[in-house]
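Chains, contacts and geometry: an overview
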Amino acid sequence: MKTNFLMFGTMVLAILTGCSSSGPVIDYDNSIDFSGYKTFAFISDHPLMRGEGATAASPLLEGRLMRITENNMNAKGYRIVDNPEAADFAIGFTSGARDKIKVNSYPEPYRPYYGGWGGWGAPYYGGGYGGGSNVDVQQYVEGTLAIDIYDVGEHKPAWHGVATKRITDKMRRNPDESLTEIVNEIFEGFPPGSMAP
């Protein structure tokens, strides 16, 4: 009984961990002195590129990203300029989304939320355990947003941040709120060394 309880606890923990999103991945050129950055611009009038093979996204996405990014940069003390060549750094985006399938397989008694037990205690009181397993298949959309910062003086990439999230109905209903959260999460790592340990 104790072993079964431990197995159940471990499986629930694994399921919950699998549902959580990992944090953004940050990479940067450590030869660049980010402390000299004061001004920024978007790399072009249309700084959003769509990843190859990505599913269609809202045409409003680019404008939202630009506005949210400008707000974030202003809060960090950077000033926007119109001409990318006159800025210290330029910002570009890449977005993508693709359909994904997640398959979970586990013994019938350990089905999440007791869904396979047929009632309390079924495996021990009449339900039995025949050794079968259950398979759940979930289809979802996974979205990726990459933000790239280019050093204008050097004309080279300086910083890269990317986040990958499962796109939920809540995100679709509240795109501004969701994008703000994701962009802010990515920019926690900019400039390098700004993230709390």
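What counts, and at which threshold
Residues numbered from 1 in each chain as written. Predicted model: local features only at pLDDT ≥ 70, side-chain atom pairs only at ≥ 80, totals over all residues. Heavy atoms only, no water. pLDDT = per-residue confidence, 0-100. Contact = heavy atoms within 4.5 Å. Helix = DSSP H or I, 4+ residues; strand = E, 2+ residues; numbered from the N terminus. Phe/Tyr/Trp six-rings, centres within 6.5 Å; stacked < 30°, edge-to-face > 60°. Buried < 20%, exposed > 50% of the residue type's maximum accessible area, 1.4 Å probe, protein only.

Quick word on the confidence of the model for the protein chain
Summing up the model confidence of the protein chain, the mean pLDDT is 75 and the portion of residues at 70 or higher is 61%. In the model, residues 1-20 has pLDDT below 50 throughout and makes 12 contacts with residues more than four positions away in sequence or in other chains. Contacts of residues 114-129 to residues separated by more than four positions or lying in other chains number 19 contacts, the stretch itself having pLDDT below 50.

Quick look at unusual backbone geometry
That bond from Phe 190 to Pro 191 is cis: its omega, -5°, falls within 30 degrees of zero. Mapped onto the elements of the fold, Pro 191 is located in the segment after α4 (175-187).

Focus: the packing of aromatic side chains
Each aromatic ring pair is characterised by the separation of its centres together with the angle its planes make. On inspection of all chains with the given rule, the structure shows 13 aromatic pairs. Ring centres of Phe 34 and Phe 190 lie 6.1 Å apart, and the angle between their planes is 85°; this geometry places the pair in the edge-to-face category. Of the two residues, Phe 34 is situated in the loop between β1 (25-28) and β2 (39-42) and Phe 190 in the segment after α4; the sequence distance between them amounts to 156 residues. Accessibility classification places Phe 34 together with Phe 190 in one group, the buried group. Measuring from centroid to centroid gives 6.1 Å for Phe 42 and Phe 93, while their planes differ by 35°, and the two rings are tilted.

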